[in-house]
Amino acid sequence: QVQLVESGGGLVQPGGSLRLSCAASGSIFSINVMGWYRQAPGKQRELVAAINSGGRTNYADSVKGRFTISRDNAKNTVYLQMNSLKPEDTAVYYCNIDIRSTYYSGNTGYWGQGTQVTVSS
């Protein structure tokens, strides 16, 4: 069993900052890609940022230069630092972590429970 626990969402004014965290625990042999997605009301879930085991990152065009994804492999945790937040960043943010539970198993993508980010004055 694997559990993901997210934290760090909330209400912030435009131009403000938030930092999201997502920690994985349980049966973990190795972790490959860690990512953040978001889903606004009435819209499809979209990739915000991802980071692979080698540290290579990928960002949605809408957040480049404002958001930074990072990971702490010792803590099985992925972070999303969000700066210069805009009202259009308002959404539920979900982490997704690609985990191999045992030496013999394949990779499985696990989702966090979601955390609300609201950008409003």
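Residues numbered from 1 in each chain as written. Predicted model: local features only at pLDDT ≥ 70, side-chain atom pairs only at ≥ 80, totals over all residues. Heavy atoms only, no water.

Helix and strand counts for the protein chain come out as zero helices and eleven strands. Overall, the protein chain shows an N-to-C arrangement of helices and strands of β-β-β-β-β-β-β-β-β-β-β. For the protein chain, whose C-alpha radius of gyration is 14 Å, the value lies close to the compact-globule estimate of 14 Å for 121 residues. In terms of overall dimensions, the protein chain has a C-alpha envelope of 50 × 25 × 25 Å along the principal axes. Across the protein chain, every contact between residues at least 6 apart in sequence was considered, and the portion connecting residues at least 24 apart equals 56%. Only carbon and sulfur atoms are counted for the fraction: they give 46% of the accessible area of the protein chain, which is about 6500 Å². On the protein chain, the mean spot of the 11 positive side-chain charges and the mean spot of the 7 negative ones are 4 Å from each other. (Helix = DSSP H or I, 4+ residues; strand = E, 2+ residues; numbered from the N terminus. Rg over C-alpha atoms; globule rule 2.2 N^0.38 Å. Contact = heavy atoms within 4.5 Å. Areas by Shrake-Rupley, 256 points an atom, 1.4 Å probe, with all protein chains shown as cover. Lys, Arg positive; Asp, Glu negative; His and termini not counted. Charge placed at Lys NZ, Arg CZ, Asp CG, Glu CD.)

Right, let's talk about the packing of aromatic side chains for a bit. Aromatic ring pairs are defined here through the distance separating the ring centres and the angle between the ring planes. Going through the model one piece at a time under the given rule, you end up with four aromatic pairs. Measuring from ring centre to ring centre gives 6.0 Å for Phe 29 and Tyr 103, while their planes differ by 85°; the resulting arrangement is edge-to-face. Of this pair, Phe 29 sits in the loop between strand E3 (18-26) and strand E4 (30-39) while Tyr 103 is found in the loop between strand E9 (91-100) and strand E10 (107-111), placing the two residues 74 residues apart along the sequence. Taking relative accessible area as the criterion, Phe 29 reaches 44% and is therefore assigned partly exposed. (Phe/Tyr/Trp six-rings, centres within 6.5 Å; stacked < 30°, edge-to-face > 60°. Buried < 20%, exposed > 50% of the residue type's maximum accessible area, 1.4 Å probe, protein only.)

Moving on to the nonpolar core. Of all hydrophobic cores here, the largest spans 30 residues; its most connected members are Trp 36, Val 78, Leu 80, Met 82, Tyr 93 and Ile 97. Counting residues per element, the ones that place at least two in this core are strand E1 (2-7), E3, E4, strand E5 (46-51), strand E7 (67-72), strand E8 (77-82), E9 and strand E11 (115-119). Per element, the largest residue contribution to this core is five residues, and it comes from E9. (Core = buried A, V, L, I, M, F, W, Y, C linked by side-chain atoms within 4.5 Å.)

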